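Per-entry structural report
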Amino acid sequence: MSHAYPYGLGCRIWPHARIDYPDWNLQEVITIHRDRLQNFLFHKGGFTSQASAERFWHIMLALAEKPTSAEYTIQVLREQYLAFPEATTYGQREATLTGDAAQSILDTLHGVDSSDVRFPIGGEKPANLIDIGCAEGQKTSALAEAWGLPHQHAIGLDIVPANSLPTNIDFEIMLPDTLPERILYNSQDLAIVSMVFHHSTNPRALLQSIHSALRPGGYLIIREHNANATPHMASFLDTVHIFYDAVFAGKTCMPNAQTYKSFEEWQDIFQSQGFEHIKSDYTPFSANPRAGVQANANTGENFTCVLRKNKP
Ligand SMILES: C[S@@+](CC[C@H](N)C(=O)[O-])C[C@H]1O[C@@H](n2cnc3c(N)ncnc32)[C@H](O)[C@@H]1O
């Protein structure tokens, strides 16, 4: 069921539950993605052991077998999650995950392979940046701090107002897929779009807007899901979104255009809008260390890529 999204202060807060996932099928996710789901609960939900993540998975299984509405299912999952001691420390877990994601952006950008990254004005460090879809600006703030940027040179943008912003960044509201007028043509060294494109109804329009805002040779860092890494990945990603927003954090589900695409499809779109691929970091999820592959926490099949605006 879909409802109009009330863009306004406080609209992220439960119990104004809004479910944006008309085809969400918990039963399918539970049975097809058992390992992935349990690892997701453990790594992202802050469960303190694999055993407690598995216990929660069994609660989900029992619930999925009942023919209840998505809204009701989510409400019960939230209540069940709150009964776990892990729920009291979810805020800390979220902060750690944000810090890790900011570090992964820095690592990707300054990894040995990309030692030739030179920002148009800033050189080794960007002179300024915009972070599109920054939510509460935690990642924007961590990056601004890492690069020593003054607040007016680190601007977080989002279609939803932030509730409590870090003091070392600026924030500006934007319309979906359109940068605000404050962000001038050819003005930015770096743009970041982290886990936003699958929420966008018009990724090409957003890319064009970013292309205009970047200086020639400016960089764009994107974090996204590789959505065809395995069959039924879209169902799993729907579940991930519902969990982050409603079950773990007790907030409204944010609008999700469910623009799920493969890594290759995304690269084609980025390049068609005038961006050159510089490098990507992507380690597929693996749940089976005995197979000789390191188990890793990338249950959402996230990739990070660095692109550069082609010089005219
Ligand atoms: C999953 S959150 C990602 C937050 C943050 N960038 C991160 O990596 O943790 C997606 C954010 O994108 C915003 N958003 C959704 N659609 C958007 C659009 N079309 N244009 C800009 N921002 C959008 C949402 O309000 C939300 O804050």
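Our structure is the block above this text.
For clarity, every value in this text was computed on a predicted model and none was experimentally measured.

**Focus: the side chain of Gln188**
- Note on placement: Gln188 falls in strand 4 (residues 188-194).
- Here Ser187 takes part through its side chain, which lies 3.1 Å from a polar atom of the side chain of Gln188.
- Beyond its immediate chain neighbours, meaning those up to four positions away, Gln188 contacts Asn128, Leu129, Ile130, Ile183, Ala213, Leu214 and Arg215.

**Thoughts on the site of the ligand**
- Around the ligand, a shell composed of 15 residues is seen, among which Gly133, Lys139, Asp158, Asp177 and Ser194 lie nearest.
- Here a nitrogen atom of the ligand and a side-chain polar atom of Asp177 are 2.8 Å apart.
- Compared with its free state, where it exposes 600 Å², the ligand has 88% of that area covered by protein.
- Among the residues forming the shell around the ligand, the class breakdown is eight nonpolar, three polar and four charged.

**Here we look at the packing of helix 2 (residues 34-44) against helix 3 (residues 50-64)**
- Interhelical geometry of helix 2 versus helix 3 gives an angle of 120° and a closest axis separation of 8 Å. Our classification of the angle between helix 2 and helix 3 gives oblique. Pair helix 2 / helix 3 crosses with right-handed handedness. Counting all contacts with helix 2, which are made through Arg34, Leu37, Gln38, Asn39, Leu41 and Phe42, the residues of helix 3 involved are Gln50, Ala53, Glu54, Phe56, Trp57, His58 and Met60.
- Of the residues assigned to the contact of helix 2 with helix 3, the class counts are seven nonpolar, four polar and two charged.

**Overview of the nonpolar core**
- Ranked by internal contacts, the top residues of the largest apolar core, which has 35 residues, are Leu41, Phe56, Met60, Leu77, Phe243, Val247 and Phe248.
- The set of elements that each furnish at least two residues to this core consists of helix 1 (26-32), helix 2, helix 3, helix 4 (70-82) and helix 8 (233-248).
- Here the element with the most residues in this core is helix 8; it accounts for nine residues.
- Apart from the residues lying within four places of it in its own chain, the contact partners of Phe56 are Leu41, Phe47, Leu77, Gln80, Tyr81, Phe84, Phe243 and Val247.
- Membership of the second largest hydrophobic core comes to 26 residues, among which are Ile183, Phe263, Trp266 and Leu307.

**Some words on the sheet that holds strand 7 (residues 302-309)**
- Across the sheet, seven strands lie side by side as 3-2-1-4-5-7-6; this open sheet has mixed pairing. The sheet terminates laterally at strand 3 (170-173) and strand 6 (275-281), the two strands that pair on one side only. Each strand of the sheet is rotated relative to its neighbour by a mean of 20°, with strand direction disregarded.
- In this sheet, strand 3 lies alongside strand 2 (residues 154-158) in parallel orientation, the contact comprising four bridges. Within strand 3, the residue paired with Ile155 across the bridge is Asp170.
- Its contacts with the sheet place helix 6 (residues 138-147) against strand 1 (129-132), strand 2, strand 4 and strand 5 (214-225), and it is angled at close to 160° to strand 1.

**Comments concerning unusual backbone geometry**
- Located in the positive-phi region is Asn186, a residue other than glycine, with phi close to 55°.
- Here Asn186 shows up in the loop between strand 3 and strand 4.
- On the basis of relative accessibility, which here comes to 28%, the residue Asn186 falls in the partly exposed class.
- A positive phi angle, close to 60°, is found at Met195, a residue other than glycine.
- Within the fold, Met195 resides in the loop between strand 4 and helix 7 (203-213).
- A relative accessible area of 18% means that Met195 is categorised as buried.

**Focus: helix 2**
- Where helix 2 is concerned, the buried positions are Arg36, Leu37, Gln38, Asn39, Phe40, Leu41 and Lys44.
- Positioned one or two residues after helix 2, Gly46 has a phi angle of 80°, which is positive.

**Side note on the packing of aromatic side chains**
- Tallied over the full model, the rule gives 21 aromatic pairs.
- Considering the side-chain rings of Phe197 and Trp266, the 5.7 Å spacing of their centres and the 40° angle between planes classify their relative orientation as tilted. One end of the pair, Phe197, is in the loop between strand 4 and helix 7; the other, Trp266, is in helix 9 (residues 263-272), and 69 residues separate them in sequence.
- Accessibility expressed as a relative area gives 0% for Phe197, which makes it buried.
- According to the relative accessible area criterion, Trp266 is buried, its value standing at 0%.
- Their ring planes at 75° and their centres at 5.4 Å tell us that Phe243 and Phe248 sit as a pair that is edge-to-face. Like Phe243, the residue Phe248 is buried in the burial classification.
- An aromatic cluster is present here, built from Phe40, Phe47, Phe56, Tyr81, Phe84, Tyr90, Phe236, Phe243, Tyr244 and Phe248 joined pairwise through their rings.
- The lysine or arginine in question, Arg36, covers the ring of Phe236, its NZ or CZ lying 5.7 Å from the ring centre.
- The ring of Trp266 carries the charged tip of Lys261 above its face, separated from the ring centre by 5.9 Å.

Reading guide: rules and limits
Residues numbered from 1 in each chain as written. Predicted model: local features only at pLDDT ≥ 70, side-chain atom pairs only at ≥ 80, totals over all residues. Heavy atoms only, no water. Helix = DSSP H or I, 4+ residues; strand = E, 2+ residues; numbered from the N terminus. Polar contact = N/O pair within 3.5 Å; in protein donor to acceptor, adjacent residues only side chain to side chain. Contact = heavy atoms within 4.5 Å. Near = heavy atom within 4 Å. Areas by Shrake-Rupley, 256 points an atom, 1.4 Å probe, with all protein chains shown as cover. Nonpolar A, V, L, I, M, F, W, Y, C, P; charged D, E, K, R; others polar. Axes fitted to C-alpha atoms, helices over the stretch in contact; angles between N-to-C directions. Parallel < 35°, antiparallel > 145°, perpendicular 65-115°, else oblique. Left-handed = near helix turned anticlockwise from the far one by under 90°. Core = buried A, V, L, I, M, F, W, Y, C linked by side-chain atoms within 4.5 Å. Buried < 20%, exposed > 50% of the residue type's maximum accessible area, 1.4 Å probe, protein only. Pairing = 2+ DSSP bridges. Phe/Tyr/Trp six-rings, centres within 6.5 Å; stacked < 30°, edge-to-face > 60°. Lys NZ or Arg CZ within 6 Å of the ring centre and 35° of its normal.

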